[in-house]
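Architecture at a glance
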Number of protein chains: 2
Amino acid sequence: MMKVIVDAYGGDNAPKEIVIGALKALSEREGFSIILTGDKGKLTALIDELSDQVPEDRLEIFDAPDVITCDMPPVEAVRKMRNSSLVKGLNLLNTDPDAKAFVSAGSTGAVLTAATLLVKRKPGIVRAGLAPVLPTVKGGRVILIDCGANSECKPEMLLNFAELGADMAKKYLGIPEPKIGLLSNGTEDTKGTDLTREAFKLIKGTELNFVGNIEAREILSGDIDVVVSDGFSGNIALKACEGTALAFMTLLKDGIMGGGIRAKIGYLLLKPVLKQIKKTMDYNAYGGAVFAGLEKTVIKAHGSSKAKSIAAAVLQAVDLNAEG
Amino acid sequence: MMKVIVDAYGGDNAPKEIVIGALKALSEREGFSIILTGDKGKLTALIDELSDQVPEDRLEIFDAPDVITCDMPPVEAVRKMRNSSLVKGLNLLNTDPDAKAFVSAGSTGAVLTAATLLVKRKPGIVRAGLAPVLPTVKGGRVILIDCGANSECKPEMLLNFAELGADMAKKYLGIPEPKIGLLSNGTEDTKGTDLTREAFKLIKGTELNFVGNIEAREILSGDIDVVVSDGFSGNIALKACEGTALAFMTLLKDGIMGGGIRAKIGYLLLKPVLKQIKKTMDYNAYGGAVFAGLEKTVIKAHGSSKAKSIAAAVLQAVDLNAEG
């Protein structure tokens with residue numbers, strides 16, 4: 001049975017929400033088991049307290065008493081905190097042949113550093129890329145790779161990201177021939193930087209369904225399945241989308257609060273629609289960002305993840321490792 | 001009297017909306033005059049047709065019969081179309097001491113290329129940067145510089161953008177000590193690329209009110225007045241914001257259409273609030289993007305500008321040249 005390792009001590013709401021999320025994932029789907037990494041005594045007590053219906057044959061605890069906090073410099077944290085839930089979890093991922101995936105809501109820097117140092121890359125992959133899955137206006141999803149693992153990239157890395165993103169879109173989104181776009185500052189072939197122009201040629205030379213350069217305006221349009229970028233620009237694109245969505249919600253809230261009784265009734269009537277939009281836009285609900293390019297699946301869930309997002313990330317890990 | 005030159009043949013809605021916009025700006029504010037560049041015969045006829053209250057002492061036409069279209073490669077267009085409304089307008093900007101600003105809704109590539117080739121830079125400025133002014137959730141504005149004029153930048157250029165943005169925020173937004181943020185993939189000082197880390201040091205060494213690295217999530221927050229970036233990343237940030245705002249509007253529309261009578265009534269009641277949000281978010285209504293760093297003001301209005309945006313861009317040009 002496939003095992004998913006879950007870092008019970010990573011994230012703002014660890015360990016409680018992580019454990020609830022793990023239990024939730026187990027109750028929602030059969031065919032896999034979970035290993036929680038963290039302080040064994042505390043986790044055992046927490047699980048006892050949370051549920052009397054724990055599927056004991058599907059839930060293990062792997063003792064890892066140290067906790068990496070967000071203020072530790074990533075490299076130092078990974079090197080020194082060998083008994084942390086993060087480092088022990090990733091080492092276990094390496095050594096246990098049934099362990100296929102690792103999920104953590106810990107600090108992005110620490111998770112990426114630890115995964116880079118401890119988990120082997122797939123053959124032919126120069127660097128792994130962080131790939132969140134975002135909603136589109138057409139109701140589908142789009143993969144954005146890389147979103148922050150590699151600030152400075154070489155053209156070969158962007159080629160890798162295109163291949164990894166395409167693979168993920170096939171396996172996880174079920175799109176047979178995913179459309180790949182290269183994030184640039186214009187759609188013409190000549191637009192971009194030396195990096196993107198070189199990467200353009202490399203991706204164009206593959207069998208991938210490459211649609212060429214795309215602008216950031218198109219990311220959420222639903223016309224593209226995989227958006228390829230260096231980690232710096234990808235991070236900016238992702239966070240600009242997040243910031244604008246947040247700005248919109250803030251303006252709406254302020255407008256309703258200041259709009260008198262008419263606006264308030266309007267809001268009540270429109271509430272189901274607005275809730276649905278909020279749900280659609282909340283990409284954390286679909287799982288985490290995949291650190292794509294490693295021999296085994298590593299998923300970084302949002303730091304503020306609650307049980308629902310953790311459960312989604314665990315099931316995402318299961319889906320990514322389902323037998324074709 | 002200060003003169004603003006307006007490219008009457010630039011943009012999707014040229015020349016009609018441009019001319020209406022110019023007339024609108026004249027009627028809204030005293031103390032400046034406009035020179036329209038374009039086909040003199042056609043423009044004269046158009047103006048006659050549009051209004052019988054043209055303030056003739058404040059409106060001139062400068063004959064420029066050639067039209068640069070969007071499909072022409074910018075450099076070639078600028079080199080060959082010497083009698084175009086764009087090239088003649090910018091040459092006039094150079095030679096007429098009363099001409100302080102030039103406004104065009106023509107293709108970004110052509111306008112930036114022509115301005116770069118034809119208009120002198122301010123002393124000490126390595127490169128000019130494109131600087132749109134965006135709305136923030138707090139009701140203020142934020143300047144984003146550079147948004148696409150320079151795909152590849154050197155640290156000194158980002159320093160220039162910080163200085164130019166600060167100057168614009170003081171003069172145009174009336175902020176005495178504008179807060180300057182450097183767009184990066186994290187807020188820590190060490191985040192970013194070699195470029196941003198070098199630029200960080202340079203900007204930190206100035207008298208500017210530099211708040212350090214900011215994430216794209218903060219662009220619209222209202223906590224920052226000037227966001228400094230290379231043109232590639234700035235363009236991605238700008239367009240990601242645009243795309244998300246559009247996605248939001250599309251989801252809202254689709255939700256209302258599919259939400260039955262309840263949602264439709266809710267929408268009608270909430271309409272003033274939504275209209276206000278749309279107005280707030282529509283940054284083109286505030287004017288155009290300033291091509292900052294040149295000896296005279298060059299403003300690029302959105303290609304789809306209608307009269308209102310053109311008028312706003314003309315008045316923005318007037319404001320930027322107001323005697324301190």
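Criteria and cut-off values
- Residues numbered from 1 in each chain as written.
- Chains lettered and ligands numbered in written order.
- Predicted model: local features only at pLDDT ≥ 70, side-chain atom pairs only at ≥ 80, totals over all residues.
- Heavy atoms only, no water.
- UniProt positions renumbered as here; feature names shortened; annotations may be inferred.
- Least-squares fit on C-alpha atoms with pLDDT ≥ 70 in both.
- Contact = heavy atoms within 4.5 Å.
- Pairing = 2+ DSSP bridges.
- Helix = DSSP H or I, 4+ residues; strand = E, 2+ residues; numbered from the N terminus.
- Axes fitted to C-alpha atoms, helices over the stretch in contact; angles between N-to-C directions.
- Core = buried A, V, L, I, M, F, W, Y, C linked by side-chain atoms within 4.5 Å.
- Buried < 20%, exposed > 50% of the residue type's maximum accessible area, 1.4 Å probe, protein only.

As recorded by an unreviewed UniProt entry, chain A carries the name Phosphate acyltransferase and is attributed to Candidatus Stercoripulliclostridium merdigallinarum. UniProt lists a comment for chain A under the heading Subunit (unreviewed entry), and it reads "Homodimer. Probably interacts with PlsY." Looking at the Catalytic activity (unreviewed entry) heading of the UniProt record, one finds this comment for chain A: "a fatty acyl-[ACP] + phosphate = an acyl phosphate + holo-[ACP]".

**Description of the relation of the copies chain A and chain B**
In screw terms, the move from chain A to chain B is a rotation of 180° and a rise of 0.0 Å along the axis, fitting with an RMSD of 0.0 Å. Such values leave the two copies arranged in the relation of a two-fold axis. Identified as the residue of chain A closest to the rotation axis by C-alpha distance is G266(A), at 2.0 Å. By residue overlap, the copies meet face to face through one surface: 100% of the interface positions of chain A are interface positions in chain B.

**Topic: the sheet that holds strand β11 (residues 289-292) of chain B**
Residues and elements named next belong to chain B. Here seven strands make up an open sheet; going across it, the order is β3-β2-β1-β4-β12-β11-β5 and the pairing mixed. Of all strands in the sheet, those with a lone pairing partner are β3 (59-63) and β5 (129-131), marking the two edges. The sheet shows a mean angle of 25° between the axes of neighbouring strands, taken without regard to direction. Sheet analysis places strand β1 (residues 2-7) next to strand β4 (residues 99-104), joined by four bridges and oriented parallel. Across the sheet, residue V4 finds its bridge partner in β4, namely A101. Along the sheet, helix α1 (residues 16-28) makes contact with β1, β2 (32-38) and β3, crossing β2 at roughly 170°.

**Looking at the nonpolar core**
L134(A), I219(A), V227(A), L134(B), I219(B) and V227(B) are the most contacted members of the largest nonpolar core, which totals 62 residues. Secondary structure elements with two or more residues in this core: β7 (141-145), α8 (231-257) and α9 (260-281) of chain A together with β7 (141-145), α8 (231-257) and α9 (260-281) of chain B. Those residues in contact with V227(A), other than ones at most four positions away along the chain, are V142(A), I143(A), L144(A), I145(A), G181(A), L183(A), I214(A) and I219(A). Of all hydrophobic cores here, the second largest spans 61 residues; its members include V103(B), I310(B), A313(B) and A317(B).

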